[in-house]
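Working through the structure, step by step
The primary structure of each chain is shown beneath.
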Amino acid sequence: QAYKDDRLVVLCKGACMLPMGTQEENVYGVDEVAVLQTIAREARKKGTVFWGHGPGTKASLMQKAYGYPSAQPVPKPLTFEGDAGGSVNSFDYLVEYVKYINLVKQAKPSLP
């Protein structure tokens, strides 16, 4: 919904993907720490920031929804065949990457 409303902003190390006018743009060379600190400072000005269901409820809600996860098989390496289905929307590529990374996390691979 945030993407459809032109409100979705993705902040990564050194880059920011955000809607500008009728298109999305990648802004490189941003200081992500300064941007995040500014967002946090402005949010705190509006009041206390907290989990919406009250203190101590997040863990129990997440466990109720997902249980204790068990390791999943390691996914095949991520590849974008051709032009990833003809999408011209760079957020589509990000979505596919995030889905893949979540599968890797669920596999709980051993790290060197």
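Our subject is the structure listed above.
1. Remarks on the overall build of the protein chain
Tallying secondary structure elements over the protein chain gives 3 helices and 3 strands in all. Taking contacts inside the protein chain between residues at least 6 apart in sequence as the whole, the part at least 24 apart equals 36%. Carbon and sulfur atoms make up 61% of the accessible area of the protein chain, which amounts to about 9400 Å² in all.

2. Observations regarding a nonpolar patch on the surface
A cluster of nonpolar side chains, namely V35, L36 and I39, defines an oily patch on the protein surface of about 260 Å² accessible area. With respect to the element layout, I39 can be found in helix α1 (residues 32–45).

3. Some remarks on the pairing of strand β3 (residues 23–28)
Pairing of strand β2 (residues 15–20) with β3 involves 6 bridges; the strand directions are antiparallel. Paired with A15 across the two strands is Y28, which belongs to β3. Here β2 hands over to β3 after 2 residues, with G21 in that stretch at a positive phi of 65°.

4. What about the pattern of salt bridges?
What the rule picks out here adds up to 2 salt bridges. The shortest N-O distance in the salt bridge between E42 and K45 comes to 3.1 Å. Of this pair, E42 and K45 both sit in helix α1, 3 residues apart, roughly one helical turn. Note on E42: relative accessible area 36%, which makes it partly exposed.

5. A short note on the pairing of β2
Here strand β1 (residues 10–12) pairs with β2 via 3 bridges, running antiparallel. Bridge pairing in β2 links C12 to A15.

6. Brief notes about the environment of E25
Tracing the sequence through the fold places E25 in strand β3. Look at E25 and you get partly exposed, because its relative accessible area is 27%. In the structure, E25 is positioned 65 residues away from S90 in sequence and 8.9 Å away in space, judged by C-alpha atoms. Discounting chain neighbours no more than four positions away, the residues touching E25 are C16, M17, L18 and M20.

7. Thoughts on helix α3 (residues 90–107)
Relative to the 26 Å expected for 18 residues at 1.5 Å per residue, α3 spans 26 Å between its end C-alpha atoms, a close match to the ideal helical length. Inspection of α3 places F91, Y100 and A107 among the buried residues, and these make up the whole buried set. Of the residues one or two after α3, K108 is the one with positive phi, at around 50°.

What counts, and at which threshold
Starting afresh in each chain, residues are numbered from 1 along the sequence in its written order. Only residues with pLDDT of 70 or above have their local features reported here, since the model is predicted, and side-chain atom pairs are shown and tallied only from 80 upward, although totals for entire chains, interfaces and linings are computed over all residues. By convention in this description, side-chain values take in all heavy atoms of the structure and omit both hydrogens and water. Every helix listed is a DSSP run of H or I at least four residues long, and every strand listed is a run of E at least two residues long, numbered separately from the N terminus. A contact between two residues is defined here by any heavy atoms of the two lying within 4.5 Å. Reported accessibility uses the Shrake-Rupley method at a 1.4 Å probe radius. Residues are deemed covered only where the shown protein chains occlude them. Put simply, a patch holds well-exposed residues, over 30% relative accessible area, that have no salt bridge, with like charges counted together within 9 Å and Val, Leu, Ile, Met, Phe, Trp or Tyr side chains within 5 Å. A pairing counts as a salt bridge when a side-chain nitrogen of Lys or Arg comes within 4 Å of a carboxyl oxygen of Asp or Glu. For two strands to pair, DSSP has to find at least two bridges joining them. Classification of residues uses two cut-offs on accessible area relative to the type maximum, computed with a 1.4 Å probe and protein chains only: under 20% is buried, over 50% is exposed, and between them is partly exposed. Multiplying 1.5 Å by the residue count of a helix minus one yields the expected span of that helix.

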